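An overview of the molecular structure
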Amino acid sequence: MKLRSASLLLSLALAGGCAKSNDVAPLQQEATALASSYSQQVDALERRAKELEGRARRAAGAPGIQDAVRVFNEARTQLVELRSMATRAPGVIAMAVGAAKPSKAAGSAAGSAAADPNESDPRWILERLIDEMRERFTVGIVEVNAKLNTMESWIYYGERYVAPTAPAPGAAPDEPPAAPEHDAPAPAAEEPAPTR
């Protein structure tokens, strides 16, 4: 029984090795889907950063603004890098499918390993590109989110605790106004006239 299962596993392994030449299309689809997904995530982060930037202007007087702006600028720089990678990905994928060697200017890990004998194998390039996209985008998105969370915390503090709070026009204030103080005693109430 063990011999049959071992021979079955060996035949499946050998048959699986023959199918690798057809793996390019599924790898291309996976790489394209990943690039599209990460591009959408970068779009969402860019919208969030823009919204936070507008809110930050309204709470600009809070202490610690220099640190918050520094963290926010780091997030914006990372967003530019992520956008650039997402924009270049379709071109790198197309070059890999055409078995063309991606250049270092294309920004892929496949282009950085020029001495590797697999550099002209589209499957190898796509697998490496997929791995690199997953790593760089996942780490980058987490880092940008953390920095935007820091900025959002600072803005919340600035809006709630530092910025003067004036009631909106037509809205009731949080506390009723204090009663006016008078120097003179209040007039006594008139007593009704006795009835006979």
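About the thresholds
- Residues numbered from 1 in each chain as written.
- Predicted model: local features only at pLDDT ≥ 70, side-chain atom pairs only at ≥ 80, totals over all residues.
- Heavy atoms only, no water.
- Helix = DSSP H or I, 4+ residues; strand = E, 2+ residues; numbered from the N terminus.
- Buried < 20%, exposed > 50% of the residue type's maximum accessible area, 1.4 Å probe, protein only.
- Contact = heavy atoms within 4.5 Å.
- Polar contact = N/O pair within 3.5 Å; in protein donor to acceptor, adjacent residues only side chain to side chain.
- Core = buried A, V, L, I, M, F, W, Y, C linked by side-chain atoms within 4.5 Å.
- Phe/Tyr/Trp six-rings, centres within 6.5 Å; stacked < 30°, edge-to-face > 60°.
- Salt bridge = Lys/Arg side-chain N within 4 Å of Asp/Glu carboxyl O.
- Axes fitted to C-alpha atoms, helices over the stretch in contact; angles between N-to-C directions.
- Parallel < 35°, antiparallel > 145°, perpendicular 65-115°, else oblique.
- Left-handed = near helix turned anticlockwise from the far one by under 90°.
- Nonpolar A, V, L, I, M, F, W, Y, C, P; charged D, E, K, R; others polar.
- pLDDT = per-residue confidence, 0-100.

Right, let's talk about the overall build of the protein chain for a bit. Assigned secondary structure in the protein chain consists of five helices and zero strands. Traced from its N-terminal end to its C-terminal end, the protein chain shows the element sequence α-α-α-α-α. When each of the 196 residues of the protein chain is scored for burial, the buried share is 29%. The contacts of the protein chain with a sequence gap of at least 6 include a subset with a gap of at least 24, amounting to 75%.

As a further point, take the environment of Ser-39. Structurally, Ser-39 is set in helix α2 (residues 24-58). In sequence terms Ser-39 and Ala-89 are 50 residues apart; their C-alpha atoms lie 9.6 Å from each other. Looking at Ser-39, its side chain comes within polar contact range of the side chain of Arg-83, at 3.1 Å.

We now examine the nonpolar core. Of all hydrophobic cores here, the largest spans 36 residues; its most connected members are Met-133, Phe-137 and Leu-148. Per element, the largest residue contribution to this core is 13 residues, and it comes from helix α5 (residues 122-162). Each residue touching Met-133, except ones within four places of it in the same chain, is listed here: Ala-31, Leu-34, Ala-35, Tyr-38, Ala-89 and Thr-138.

Enumeration according to the criterion identifies one aromatic pair in this entry. Judged by centre distance (4.6 Å) and plane angle (5°), the rings of Tyr-38 and Phe-137 are stacked. Residue Tyr-38 is found in helix α2, and its partner Phe-137 is found in helix α5; the two are separated by 99 residues along the sequence. On the accessibility criterion, Tyr-38 (9% relative accessible area) is buried.

This structure, assessed with the given rule, holds 10 salt bridges. Between Arg-123 and Asp-121 there is a salt bridge, with its nearest N and O atoms 3.6 Å apart. Classification of Asp-121 as partly exposed rests on a relative accessible area of 23%. Connected via shared salt-bridge partners are Arg-48, Glu-51, Arg-55 and Glu-152.

With that out of the way, let us pick up the packing of α2 against helix α3 (residues 65-97). Interhelical geometry of α2 versus α3 gives an angle of 160° and a closest axis separation of 9 Å. By the angle between their axes, α2 is roughly antiparallel relative to α3. By crossing handedness, the relation of α2 to α3 is classed as left-handed. Split by residue class, the contact of α2 with α3 holds 14 nonpolar, three polar and six charged.

It is worth spelling out the confidence of the model for the protein chain at this point. In the predicted model, the protein chain carries a mean pLDDT of 74, and the fraction of residues at 70 or more is 61%. The weakest mean pLDDT in the protein chain belongs to helix α1 (residues 2-18) at 41; the strongest belongs to α2 at 91. Note that residues 1-19 has pLDDT below 50 and, in this model, zero contacts with residues that lie over four places away or in other chains. Contacts from residues 100-114, a stretch scored under 50 in pLDDT, to residues over four places away or in other chains number 34 contacts.

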